[in-house]
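A closer look at the structure
Given next are the chains, with one letter for each unit.
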Amino acid sequence: MATGNIYRELTTLRDGGQTELAILADPDKISPLEMEALAATCAEAGVKYLLLGGSLLLTQQMEACIAAFRKRASIPIILFPGSPAQVTPAADALLYLSLVSGRNAELLIGQHVTSAAMVRASRLETISTGYLLIDGGIPTTVSYISNTQPIPNNKPEIALATAWAAEMQGKHVLYLEAGSGAQIPVSVDMIRMVSSQTSIPLIVGGGIRTAEKIYENALAGANLLVVGTAAEQTPSLIPQMAAAIRQANLERK
Ligand code: 1GP
């Protein structure tokens, strides 16, 4: 399960020092029709993955969003769930998140135990993820809902120690998360420090709004950059961000 296609692709990116773009859609904020349009934009721009989920979902639209997206794009769909209720076999893979920056036992292991039978039965590719919440300058939904304290954004050494612990525990990928709508995205220093001193794929997201930021994060060593809010508000940024990643990849070859 943990060694499926998407995990292998992420590992190849990591080993080759390359980066890809993932767009995050929140099923609460997007209609199936908008999802189709997003799929067309993503397919044209060369977006690698769609992430789907949210820290808090009020609607039950996961399957409708997936079906709409698949009408216009064959891009793999990875669940990025705020809770086990968001797991659906209609997707391709699941970021199996353990909130290793927090000390909330439910989000470290508790919810995993109570949903384990359902997740196994879904037959989704399950990607074990050490999920690190970094202070994004404002309280975000994930910081509130998770009831955990984020890692200070000016303390990359805490993020590094946490990432090392997650890697030694056997997590397959790391995710540095500033939270959706973060004022301060994860810093280049933190990305560089974690990326250069760990050896598993590194995902980074939260508060990324410009192609310039994408470019510097890619050069700093992120392997997958996740953009939600900016892509939702300004879809024309998606091709610009994809181009920024291609440019960074050329420079890192
Ligand atoms: C993905 O939560 C983020 O890690 C998405 O954040 O909505 O700020 O892009 P934005």
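Scroll up to find the structure this text is about.
Reading guide: rules and limits
- Residues numbered from 1 in each chain as written.
- Predicted model: local features only at pLDDT ≥ 70, side-chain atom pairs only at ≥ 80, totals over all residues.
- Heavy atoms only, no water.
- Near = heavy atom within 4 Å.
- Polar contact = N/O pair within 3.5 Å; in protein donor to acceptor, adjacent residues only side chain to side chain.
- Areas by Shrake-Rupley, 256 points an atom, 1.4 Å probe, with all protein chains shown as cover.
- Salt bridge = Lys/Arg side-chain N within 4 Å of Asp/Glu carboxyl O.
- Helix = DSSP H or I, 4+ residues; strand = E, 2+ residues; numbered from the N terminus.
- Buried < 20%, exposed > 50% of the residue type's maximum accessible area, 1.4 Å probe, protein only.
- Phe/Tyr/Trp six-rings, centres within 6.5 Å; stacked < 30°, edge-to-face > 60°.

Looking at the ligand, there are 13 residues lining it, with Tyr175, Ser180, Gly181, Gly207 and Thr229 nearest. One of the backbone N or O atoms of glycine 181 is found 2.7 Å from an oxygen atom in the ligand. Contact distances for the ligand include 2.8 Å between an oxygen atom and a backbone N or O atom of glycine 207. Within the complex, 97% of the 310 Å² of free accessible area of the ligand lies under protein.

Bringing the pattern of salt bridges into the picture now. Within the structure shown, the criterion is met by seven salt bridges. Here lysine 48 and glutamate 9 are joined by a salt bridge, their closest N and O atoms 4.0 Å apart. Here glutamate 9 lies in helix α1 (residues 5–16) and lysine 48 lies in the loop between α2 (32–45) and β2 (49–52), a separation of 39 residues in the sequence. Assessed through its relative accessible area of 28%, lysine 48 is described here as partly exposed. In this structure, glutamate 216 engages lysine 213 in a salt bridge whose closest nitrogen and oxygen atoms are separated by 3.1 Å. Taken as a pair, glutamate 216 and lysine 213 lie in helix α8 (residues 211–220) at a separation of three residues, close to a single helical turn. Overall, the relative accessible area of 36% leaves glutamate 216 in the partly exposed class. In this structure lysine 213 comes out as buried when scored by relative accessible area, which is 14%. In the salt-bridge network here, residues are joined through shared partners; they are Glu36, Lys71 and Arg72.

What follows concerns the packing of aromatic side chains. If you walk through the whole model with that rule in mind, you get three aromatic pairs. Consider the rings of phenylalanine 80 and tyrosine 175, whose centres lie 5.1 Å apart with planes at 5°: the pair is stacked. Of this pair, phenylalanine 80 sits in the loop between β3 (77–79) and β4 (93–99) while tyrosine 175 sits in strand β6 (residues 173–177), and the two are 95 residues apart along the sequence. Here phenylalanine 80 and tyrosine 175 have matching classes, each one buried. With a centroid separation of 5.2 Å and an interplanar angle of 85°, the aromatic rings of tyrosine 131 and tyrosine 175 are classed as edge-to-face. Within this pair, whereas tyrosine 131 is found in strand β5 (residues 125–133), its partner tyrosine 175 is found in strand β6, the two being separated by 44 residues in sequence. Its relative accessible area of 7% is what places tyrosine 131 among the buried residues. Pairwise contacts between aromatic rings join Phe80, Tyr131 and Tyr175 into one cluster.

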